[in-house]
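Next come the chains, spelled out residue by residue.
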Amino acid sequence: MRNVMSASRRSLAGLALGLWLLLVAGPAVAAGDAGPLRISLSGVGGARLAGDHETVTVTVTNAGAKPLQDVLVMISLADVSGSPAVPLGLEDWTPAPEAAHAATLAQGEQLTGTWRLRMIQAAQLAVFATAVTGSDRSVTNSRPLVLSIGATHSLTPWTVLPVALSVPLAVLGGGGALLWRRRRIAGR
Amino acid sequence: MKTRTLSARILRELAFSPKGLAWLPAFSILLSLLVYLFLTNVDLSLMDQKTMMFMTAQAILLLGILAVAVVAADSVAGERERGTLEALLAAPVTRDQLLGGYLAGALAPWLAMAVIALPYLAVVSAGTGGFLVSAAYLLGTGALLALGVAAWTVGLSARSDSLRNGILIALVVYAGLAVPAVLSSALRGNWVGRAYDFVDPLSNVMNTLDSVIIDEQGFSLQVVRLLMLAAFTGAGLLFARRRIVTVSLS
């Protein structure tokens, strides 16, 4: 919740950025490559509701000619519905560890990480994967997978306000009545 | 009967005075502000409704347990400071009855706050169909935790020489319980943090509520956490009984 974006950040520029990301990300698989690593990020994507789950799978393949040491793959989340985009803490969205790690990734070998994300808030959510290799210090990013998460809650002023106003009044009234009764008994 | 008389006296001191009554409306106003913010604050209103339910339950639990700890800290240490312990020890009351009275009195704030809080939880749960389950888990695990906290605090209060020290110790214990629950995701990074999170009763209740309300997981996944919570409460009751037996005026 500490990562929730502010209203002022919602702007047309952010909407444009979100639409652009939707266009470049594609609905199901987002792949990227640079150097010996190929990285692909897959998920359903598209329109979702807060409270839904999305399973994101990231596969990193060593497409180079030699083994790679200390390969780490992690995912990052950002709310791109406003401008600037707001980074979101992964720990609020999934209890899974932030990264998957392989001590050695042989030629042609794959490292796969899976994250089950729970959509905790309405947002235009971009999911990115990053692979880092310790041996040659290269960084490879996937293309983003974008989810458009809609709000689901049904709280309205007519449901909340009567309770928010009447309970403190009832507690105060009940307490006052008890004190009055006690003083009356003590006065006899 | 004597247990009931003693707990009724604690309740009278707690509830039937203008100052004693102030905490209940303050608690309800705090919850009113929280649910109103869910509705009106742009940041909070974006949250999933089940996260709101969990946050409401979290607030109820944190405030309720704090009240229990403070009232329990006042038990023996408060009697000693007010000079009423002598009469109590001279009265034909067994130590078990004394402990029962203190525990019942200390649990009363939790009960009162839970009753006041239920309409808020109901309104935040509207439309999710999760009110009964979340309320049952909140009341059940909260009562078990409150009993454990009350027992440990009464036991510590029995050893403390002044009310101020008793309350200070209770607040330190409360902070020790609450910190892992608040910082849990950052804390779980290493084995010490994970072990702390595993044994901490407040974390166990928070994780149970998170699991039940947000992830909609069943009872079988809560068993280990509930056993840890029961162990904390059982050990607290044994500790309190042992301490209350040795209570003296000095």
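Please read all numbers here as calculations on a predicted model, not as lab measurements. Each residue is numbered by its place in its chain's sequence as written, counting from 1. Whichever chain is written first is A, and whichever ligand is written first is 1; the rest continue in order. Given that this is a predicted model, residues contribute local features only at a pLDDT of at least 70 and side-chain atom pairs are listed and counted only at 80 or more, while totals for whole chains, interfaces and linings are drawn from all residues.

Visitor: Is there a simple way to explain the packing of helix H9 (residues 131–159) of chain B against helix H13 (residues 201–214) of chain B in this structure?
Guide: In helix packing, the relevant descriptors are the interaxial angle and the interaxial distance, both defined with respect to the helix axes. Residue and element names in this part refer to chain B. It is at 10 Å that the axes of H9 and H13 come closest, and there the two elements cross at 175°. Comparing the axis directions of H9 and H13 gives the class roughly antiparallel. Residues Val133, Ser134, Tyr137, Leu138, Thr141, Gly142, Leu145 and Gly148 of H9 touch H13, and the partners they reach there are Pro201, Leu202, Val205, Thr208, Leu209, Val212 and Ile213. When residue character is reported, Ala, Val, Leu, Ile, Met, Phe, Trp, Tyr, Cys and Pro are called nonpolar, Asp, Glu, Lys and Arg charged, and the others, Gly included, polar. Residues of the contact of H9 with H13, tallied by class, amount to 10 nonpolar, 5 polar and no charged. To get an axis, a line is fitted to the C-alpha atoms, and for a helix only the part in contact is used. The angle between two axes follows their N-to-C directions and goes from 0 to 180 degrees. Secondary structure elements follow DSSP: runs of H or I of four or more residues count as helices, runs of E of two or more count as strands, with numbering from the N terminus. The scheme is simple: roughly parallel for angles under 35 degrees, roughly antiparallel for over 145, roughly perpendicular for 65 to 115, oblique for anything else. Remark: residues whose backbone-derived C-beta atoms lie within 7 Å of one another are considered to be in contact.

Visitor: Help me understand the pairing of strand E11 (residues 145–150) of chain A, please; the structure alone is not making it clear to me.
Guide: Sheet faces and side chains relate simply in a regular strand, where the side chains alternate between the two faces. All names here are of chain A. Examined bridge by bridge, strand E3 (residues 46–49) and E11 share 4 bridges and lie parallel to one another. Residue Arg48 lies in a different strand from E11, and its bridge partner there is Ile149. As paired elements, strand E9 (residues 123–133) and E11 share 5 bridges and run antiparallel to each other. Directly across from Ala126, in E11, lies its bridge partner Val146. In this description, strands pair whenever DSSP reports at least two bridges between them.

Visitor: What exactly am I supposed to notice about the environment of Leu238 of chain B here?
Guide: If you trace the backbone, Leu238 of chain B turns up in helix H14 (residues 223–245). Spatially, the C-alpha atoms of Leu238 of chain B and Trp152 of chain B are 8.9 Å apart, while their sequence positions differ by 86 residues.

Visitor: Sorry if this is basic, but what is going on with the nonpolar core here?
Guide: Generally speaking, a soluble globular protein has its nonpolar side chains buried in company with each other. Residues and elements named next belong to chain B. Membership of the largest hydrophobic core comes to 107 residues, with the highest contact counts inside it found for Val68, Ala72, Ala150 and Val154. If you tally residues by element for this core, the top one is helix H8 (residues 95–125), at 15 residues. Residue contacts for Val68: discarding those within four places in its chain leaves Ala106, Leu107, Pro109, Trp110, Ala146, Val149 and Ala150. Think of a nonpolar core as buried Ala, Val, Leu, Ile, Met, Phe, Trp, Tyr and Cys residues chained together by C-beta atoms that fall within 7 Å. Here exposure depends only on C-beta density: within 10 Å of a residue's C-beta, 20 or more other C-beta atoms make it buried, 12 or fewer make it exposed, and intermediate numbers make it partly exposed, the C-beta atoms being placed from the backbone.

Visitor: Would you take a moment to explain the confidence of the model for chain A for this structure?
Guide: Regions with low pLDDT should not have their predicted coordinates read in detail. Residue and element names in this part refer to chain A. Per-residue confidence from the predictor is given as pLDDT, running between 0 and 100. For chain A, mean pLDDT is 79; residues scoring 70 or higher make up 80% of the total. Within chain A, the lowest mean pLDDT, 45, falls on helix H1 (residues 12–25), and the highest, 92, falls on strand E5 (residues 68–79). With pLDDT under 50 throughout, residues 1–28 is counted as low confidence; its partners more than four residues away or in other chains account for 51 contacts.

Visitor: Before we go on, may I ask you to explain H13 of chain B in this structure?
Guide: Every α-helix carries 3.6 residues per turn, so stepping three or four residues along brings you back to the same face. Residues and elements named next belong to chain B. Working rule for helices: expected span equals 1.5 Å times residues minus one. The first and last C-alpha atoms of H13 sit 19 Å apart over 14 residues, in line with the 20 Å expected at 1.5 Å per residue. Taken across its 14 residues, H13 has 10 buried, putting it largely inside the fold. Within H13, burial applies to Pro201, Leu202, Ser203, Asn204, Val205, Met206, Thr208, Leu209, Val212 and Ile213.

Visitor: Just to check I follow, could you spell out the confidence of the model for chain B for this structure?
Guide: Per-residue pLDDT for chain B averages 84, and the proportion of residues at 70 or more is 88%. Scoring of the predicted complex yields 0.72 for pTM and 0.76 for ipTM.

Visitor: When you look at the pairing of strand E2 (residues 37–42) of chain A in this model, what are you seeing that I'm missing?
Guide: Residues and elements named next belong to chain A. Here E2 shows a clear split, with Leu37, Ile39 and Leu41 buried on one side and none of Arg38, Ser40 and Ser42 buried on the other. Examined bridge by bridge, E2 and strand E4 (residues 53–62) share 6 bridges and lie antiparallel to one another. Residue Arg38 lies in a different strand from E4, and its bridge partner there is Thr61.

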